[in-house]
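# Survey of secondary and tertiary structure
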Amino acid sequence: MINELEKDIDRVLFSEEDLKAMVKKVAAEINEDYAGKKPVLVVLLKGSVMFAADLMRSLIIDCEIDFMKVSSYSGTQSTGVVSIVNDLKTDISGRHVIIIEDIVDTGLTLYRLKNLLEQRGPESLRICTLLDKPSGRKAEVYADYIGGVVGNEFIVGNGLDYNEKYRNLPYIGVMRNS
Ligand code: 5GP
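Rules of the game
- Residues numbered from 1 in each chain as written.
- Predicted model: local features only at pLDDT ≥ 70, side-chain atom pairs only at ≥ 80, totals over all residues.
- Heavy atoms only, no water.
- Buried < 20%, exposed > 50% of the residue type's maximum accessible area, 1.4 Å probe, protein only.
- Helix = DSSP H or I, 4+ residues; strand = E, 2+ residues; numbered from the N terminus.
- Arc of directions from axis to C-beta.
- Salt bridge = Lys/Arg side-chain N within 4 Å of Asp/Glu carboxyl O.
- Disulfide = S-S within 2.5 Å.
- Near = heavy atom within 4 Å.
- Polar contact = N/O pair within 3.5 Å; in protein donor to acceptor, adjacent residues only side chain to side chain.
- Areas by Shrake-Rupley, 256 points an atom, 1.4 Å probe, with all protein chains shown as cover.
- Phe/Tyr/Trp six-rings, centres within 6.5 Å; stacked < 30°, edge-to-face > 60°.
- Lys NZ or Arg CZ within 6 Å of the ring centre and 35° of its normal.

## What to know about helix α3 (residues 108–118)
- Of the residues making up α3, those classed as buried are Thr109, Leu110, Leu113, Leu116 and Leu117. Down the axis of α3, the buried set is contained in an arc of 130°. They therefore lie on one face.

Structure (structure tokens):
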């Protein structure tokens, strides 16, 4: 059968093997830092779902998962305005919280979200991202756990979309004409 998505991909940036290695590296760090602490993984929908599922299966610590949806992007541009679309069900007060993100670009989303979650009184709050795009940064926010670094290009796959398409690509690629 013809792959309906691949014709739009210019090149593969991170293969399935690369992604597995990133998850393994980050999971090893979290397993060590959170042994005996039962953190809550706060997964940002929708882009982080694949990464979160892979990461969670590599964790050997007691942990919980909850989901949050915030919006800041339209097409390939950050709007700079972040709003909460779906909130957590978990009370994070007194809990160790790890925000699970797919990619940090301007950092505006996480900057806002971090401040908001801090107000709920977590015991600790850290950020774990599959990818970091430091060239795009506009807010002072840094991830504590980073799988890999990307340059100033728009990427899709492994949960990352372009107008809801390409999330199901098993690798991460750069779009043609991006
Ligand atoms: P930030 O607020 O850091 O600019 O935006 C972070 C969010 O923007 C990510 O969670 C992701 O959904 C989206 N984003 C940032 N860069 C890219 C990219 O290169 N490709 C895709 N598909 N989404 C991106």
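## What to know about the pattern of salt bridges
- Per the counting criterion, the structure on display carries 16 salt bridges.
- A salt bridge links Glu64 to Lys38; its shortest N-O distance comes to 3.6 Å. Note that Glu64 is positioned in strand β3 (residues 64–74) and Lys38 in the loop between α1 (16–33) and β2 (40–45), a separation of 26 residues in sequence.
- Among the residues examined, Glu64 registers a relative accessible area of 26% and is labelled partly exposed.
- With its nearest N and O atoms 2.7 Å apart, the salt bridge here joins Arg137 to Asp132. Grouping residues by exposure puts Arg137 and Asp132 together as buried.

## Brief notes about the state of the cysteines
- All told, the structure shown has zero disulfides when counted by the stated rule.
- Here Cys63 is not disulfide-linked; the sulfur of Cys128 is the nearest cysteine sulfur, at 12 Å.
- What makes Cys128 buried here is its relative accessible area of 0%.

## Brief notes about the site of the ligand
- Around the ligand, a shell composed of 16 residues is seen, among which Asp102, Thr106, Thr109, Ile155 and Asp161 lie nearest.
- Lys133 places a side-chain nitrogen or oxygen 2.9 Å from an oxygen atom of the ligand.
- Asp161 places a polar main-chain atom, nitrogen or oxygen, 2.7 Å from a nitrogen atom of the ligand.
- Protein chains bury 92% of the 510 Å² of accessible surface belonging to the ligand in isolation.

## Observations regarding the packing of aromatic side chains
- Under the criterion given, the structure shown has one aromatic pair.
- Taken together, a centroid distance of 6.0 Å and an interplanar angle of 80° make the contact between Phe154 and Tyr162 edge-to-face.
- Residue Phe154 is classed as buried on the basis of its relative accessible area of 14%.
- A cation over an aromatic ring shows up here: Lys37 above the ring of Tyr34, its NZ or CZ 5.9 Å from the ring centre.

## Brief notes about unusual backbone geometry
- Cis geometry marks the peptide bond from Leu45 to Lys46, where omega comes out at -5°.
- Assignment of secondary structure puts Lys46 in the loop between β2 and α2 (49–58).
- Despite not being glycine, Asn163 has its phi angle at roughly 50°, a positive value.
- The topology assignment puts Asn163 in the loop between β8 (155–156) and β9 (172–175).
- The residue Tyr166 is not glycine, and still its phi comes out positive at about 80°.
- Under the relative-accessibility criterion, Tyr166 is labelled buried at 5%.

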